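Overview (structure and organization)
Residues per chain, in single letters:
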Amino acid sequence: MNERKGAAHYESVGAQRNNMPAVYMRRAKARDIDEIVEILQTAKGFLKEQGLDQWQGDYPNANTIQQDLDKHQAFVLMVGDQVAGYAAAFEGEDPLYTALEDGTWLKEGHDYASLHRVAMSDKFRGQRLTPRFITTLISYFYAQGARDFRIDTHPGNLPMQKVIANNGFEQRGTVHMQEAPHISTARWAYQLLIEDED
């Protein structure tokens, strides 16, 4: 490859790289609320199309996000400068997981990380960013010392169940989420335990 062709080749590769935005996670900020609300609204529509009653009320809404922000448990997945996904995650006892039915946790106690309200913008649907987001959340809390992770979803939410299972979670039983009087409460609960190697 001569010098001129080599320069053209690297310019071409550089141009291609510039077309691939960075994908990363960061803590959500107040300025993200409008974009997060839009993501949650489109997620509600997607669930409705599946015939599910999950999120078919006021919850989750801007107040939910603000509470997540106040508790420092709000995270966004970024694609370049766009908010592509949202999730709430935190360590410690989660009241939702204290009353497990039809099963048992692999490990009891209150030392675990909970993942909630995972939603992806419809602009990025089909790009397999949801499992990437969950993997990033697991890695983040693993670095903080968490080894026990819990998540739940509607019994009819097959796409999310697949994402959860493909991230190594095991279904452990049923919990009940009180969203609204007209919405079914049952949610399948999952757990992931990571054992450190010696």
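The coordinates are above.
Residues numbered from 1 in each chain as written. Predicted model: local features only at pLDDT ≥ 70, side-chain atom pairs only at ≥ 80, totals over all residues. Heavy atoms only, no water.

With respect to the sheet that holds strand S3 (residues 82-91)
The test is simple: Following DSSP output, two strands are said to pair if at least two bridges run between them. Each helix is a run of H or I in the DSSP string that is no shorter than four residues. Each strand is a run of E no shorter than two, and both are numbered from the N terminus. Here the axes come from fitting lines to C-alpha atoms, over the contacting stretch only for helices, and the angles between their N-to-C directions go from 0 to 180 degrees. Contact between two residues is taken to exist if any of their heavy atoms lie within 4.5 Å; hydrogens are not considered.
Reading across from one edge, S1-S2-S3-S4-S5-S7-S6 is the order of the seven strands in this open sheet, with mixed pairing throughout. Two strands lie at the open edges of the sheet, namely strand S1 (23-27) and strand S6 (170-176), each paired on one side alone. Across the sheet, the mean angle from the axis of one strand to that of its neighbour is 30 degrees, orientation sign disregarded. In this structure, strand S5 (residues 148-153) lies alongside strand S7 (residues 186-193), joined through six bridges in antiparallel fashion. Its bridge partner lying in S7, phenylalanine 149 is registered against leucine 192. The strands touched by helix H5 (residues 158-166) are strand S4 (113-120), S5 and S7; relative to S5, the strand with the most contacts, the crossing angle is about 165 degrees.

Some details on the pairing of S4
Just so we agree on the cut-off: For each residue, the accessible area found with a 1.4 Å probe, counting protein chains only, is set against the maximum for its type, and the residue is called buried under 20%, exposed over 50%, and partly exposed in between. By definition, the crossover connecting two strands over a helix is right-handed if that path, from the first strand to the second, turns clockwise as seen with the strands pointing away from the viewer.
A large share of S4 lies buried, amounting to eight of its eight residues. One ladder, built from six bridges, connects S3 with S4; its direction is antiparallel. The residue bridging phenylalanine 90 from the neighbouring strand is serine 114, located in S4. Alignment of S4 against S5, held across three bridges, turns out to be parallel. When the bridges of S5 are listed, alanine 113 appears paired with phenylalanine 149. Following the chain from S4 across helix H4 (residues 129-143) to the adjacent parallel S5, one finds a crossover that is right-handed.

Structural notes on unusual backbone geometry
Here the residue pair tyrosine 59 and proline 60 is connected by a cis peptide bond, since its omega of -10 degrees sits within 30 degrees of zero. Within the secondary structure, proline 60 sits in the loop between helix H2 (33-49) and helix H3 (62-70). Its identity is not glycine, yet tryptophan 55 carries a phi of approximately 65 degrees, on the positive side. Relative to the helices and strands, tryptophan 55 is located in the loop between H2 and H3. Judged by its relative accessible area of 7%, tryptophan 55 falls in the buried class.

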